[in-house]
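The residues making up each chain are set out below.
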Amino acid sequence: MQKLKFISFFTFLILLVSCKPTNSVIVTNKDEAIKKGIYSTPVAHKKPNDKPSQKAVKPVAETTKKDKTVTKKSVLNESDNTVYTDNSNVSYYVKQLINNAMQYNGVRYRGGGTTTEGMDCSGLVTTVFKSYDISLPRSSFDMAKVGKKLNRNDIQVGDLVFFKTNGKKVINHVGLVTEIKDDEIIFIHSTTQRGVILSSTKEPYYQRTFAQANRVLSEDYF
């Protein structure tokens, strides 16, 4: 009987020791657990039917002409509605030429430039005509010597207009005619202050500095 009591007491001690926590202090604070090296990042478990999450897609901002980002069109469809002329008698070929030029509207000015990074007046004209395998002199002064010189009343869309804007009697500026409105001539050109823009011969500055107009395209194009 005495032996049985001893065995029972010894068994109780073993159970008591095995139930004693390994740490004297229970850690309930995350920071303290990290310090003691016993913290692990919880892992989220997905349910079998959970679908993978999708990231929100940020909408792409619409671009405007102010971005000065230009896409050049060298060939247009008959259904194209971006013809920048109200002249119904303008040939399709000339309309293509004008539309090509209008793609550069808003490009900044750069002396000697011929790309969307920047262009001067003759750079604009030579670039547009080059798209149709028509080579023109690089300067407006030499360009004015090419083709047929026109009377004011004979100017048509697709012709070139020249100006003397430097206070001297020498041609130094050129534009491409995009529209004819009665006695008003609308033309696209590159200016030092505003880059490629549309202007009118009715503006006092261009009335005063107008020099001549030339037709560099064959009559077959009109």
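Just so it is clear, the structure is predicted and the values come from calculations on it, not from any experiment.

### Digging into the nonpolar core
Formed by 29 residues in total, the largest nonpolar core has its most connected members in Phe129, Leu160 and Leu176. Secondary-structure elements contributing two or more residues to this core are α3 (92–102), α4 (121–130), β4 (160–163) and β5 (173–181). With sequence-adjacent residues up to four places away left out, Leu176 is seen in contact with Ile98, Ala101, Val128, Phe129, Gly158, Asp159, Leu160, Ile186, Phe187 and Ile188. Counting residues in each nonpolar core, the second largest holds nine residues, with Ile155, Val177, Tyr206 and Ala213 among its members.

### Structural notes on the packing of aromatic side chains
Evaluation of the coordinates by the stated rule reveals seven aromatic pairs. The structure contains a cluster of three or more aromatic residues connected by ring pairs, namely Phe163, Phe187, Tyr205, Tyr206 and Phe210. Over the aromatic face of Phe210 sits the side chain of Arg152, whose NZ or CZ is 4.6 Å from the ring centroid. Positioned above the aromatic ring of Phe222 is the side chain of Arg215, whose terminal nitrogen or guanidinium carbon lies 4.6 Å from the ring centre.

### Details of the sheet that holds strand β6 (residues 184–191)
Judged by pairing direction, the sheet is antiparallel, and its six strands sit side by side in the order β3-β8-β4-β5-β6-β7 without closing on themselves. The open sheet has two edge strands with one neighbour each: β3 (148–150) and β7 (195–200). In this sheet, adjacent strand axes meet at a mean angle of 35° when their direction is disregarded. Pairing between β6 and β7: six bridges, direction antiparallel. Note that in β7 the partner of Thr191 across the bridge is Gly195.

### Details of the pattern of salt bridges
According to the stated counting rule, one finds five salt bridges in the structure shown. For Asp183, the salt bridge identified is with Lys202, shortest N-O distance 3.4 Å. Pair noted here: Asp183 is in the loop between β5 and β6 and Lys202 is in the loop between β7 and α6 (204–209), with a separation of 19 residues, a long-range link. Of the residues examined, Lys202 reaches a relative accessible area of 45% and is grouped as partly exposed. What emerges from the salt-bridge pattern is a single network uniting Asp159, Arg215 and Glu219.

### A word on unusual backbone geometry
Positive phi, normally seen in glycine, also occurs at Asp133, with a value near 60°. Tracing the backbone through its elements, the reader meets Asp133 in the loop between α4 and α5 (140–143). With relative accessibility at 72%, the residue Asp133 sits in the exposed group.

### Overview of α4
Burial analysis of α4 places nine of its ten residues in the buried class, the great majority of the element. Taken residue by residue, α4 has Cys121, Ser122, Gly123, Leu124, Val125, Thr126, Thr127, Val128 and Phe129 as its buried positions.

### Re the environment of Ala144
If you trace the backbone, Ala144 turns up in the loop between α5 and β3. Considered as a pair, Ala144 and Asn172 are 28 residues apart in the sequence and their alpha carbons are 9.3 Å apart. Beyond its immediate stretch of four places on either side in the chain, Ala144 contacts Phe162, Ile171, Gln212 and Asn214.

### Structural notes on the packing of α3 against α4
Closest axis-to-axis distance for the α3/α4 pair is 9 Å, and the angle between their directions is 130°. Considering their axes alone, α3 and α4 lie oblique with respect to each other. For the crossing formed where α3 meets α4, the hand is right-handed. Across the interface between the two elements, Leu97, Asn100 and Ala101 of α3 pack against Leu124, Val128 and Phe129 of α4. Counted by class, the contact of α3 with α4 contains five nonpolar, one polar and no charged residues.

### Details of α3
A large share of α3 lies buried, amounting to eight of its eleven residues. Of all the residues in α3, the buried ones are Val94, Gln96, Leu97, Ile98, Asn99, Asn100, Ala101 and Met102. Those residues of α3 that are buried lie in contact with α4, β5, β6 and β7.

### Some remarks on the side chain of Gln212
Looking at the element boundaries, Gln212 is found in strand β8 (residues 210–215). In this structure, Gln212 is in contact with Ala144, Lys149, Leu160, Val161, Phe162 and Ile171, ignoring residues within four places of it in sequence.

What counts and what doesn't
- Residues numbered from 1 in each chain as written.
- Predicted model: local features only at pLDDT ≥ 70, side-chain atom pairs only at ≥ 80, totals over all residues.
- Heavy atoms only, no water.
- Core = buried A, V, L, I, M, F, W, Y, C linked by side-chain atoms within 4.5 Å.
- Buried < 20%, exposed > 50% of the residue type's maximum accessible area, 1.4 Å probe, protein only.
- Helix = DSSP H or I, 4+ residues; strand = E, 2+ residues; numbered from the N terminus.
- Contact = heavy atoms within 4.5 Å.
- Phe/Tyr/Trp six-rings, centres within 6.5 Å; stacked < 30°, edge-to-face > 60°.
- Lys NZ or Arg CZ within 6 Å of the ring centre and 35° of its normal.
- Pairing = 2+ DSSP bridges.
- Axes fitted to C-alpha atoms, helices over the stretch in contact; angles between N-to-C directions.
- Salt bridge = Lys/Arg side-chain N within 4 Å of Asp/Glu carboxyl O.
- Parallel < 35°, antiparallel > 145°, perpendicular 65-115°, else oblique.
- Left-handed = near helix turned anticlockwise from the far one by under 90°.
- Nonpolar A, V, L, I, M, F, W, Y, C, P; charged D, E, K, R; others polar.

Shape is all these values report; function is a separate question.
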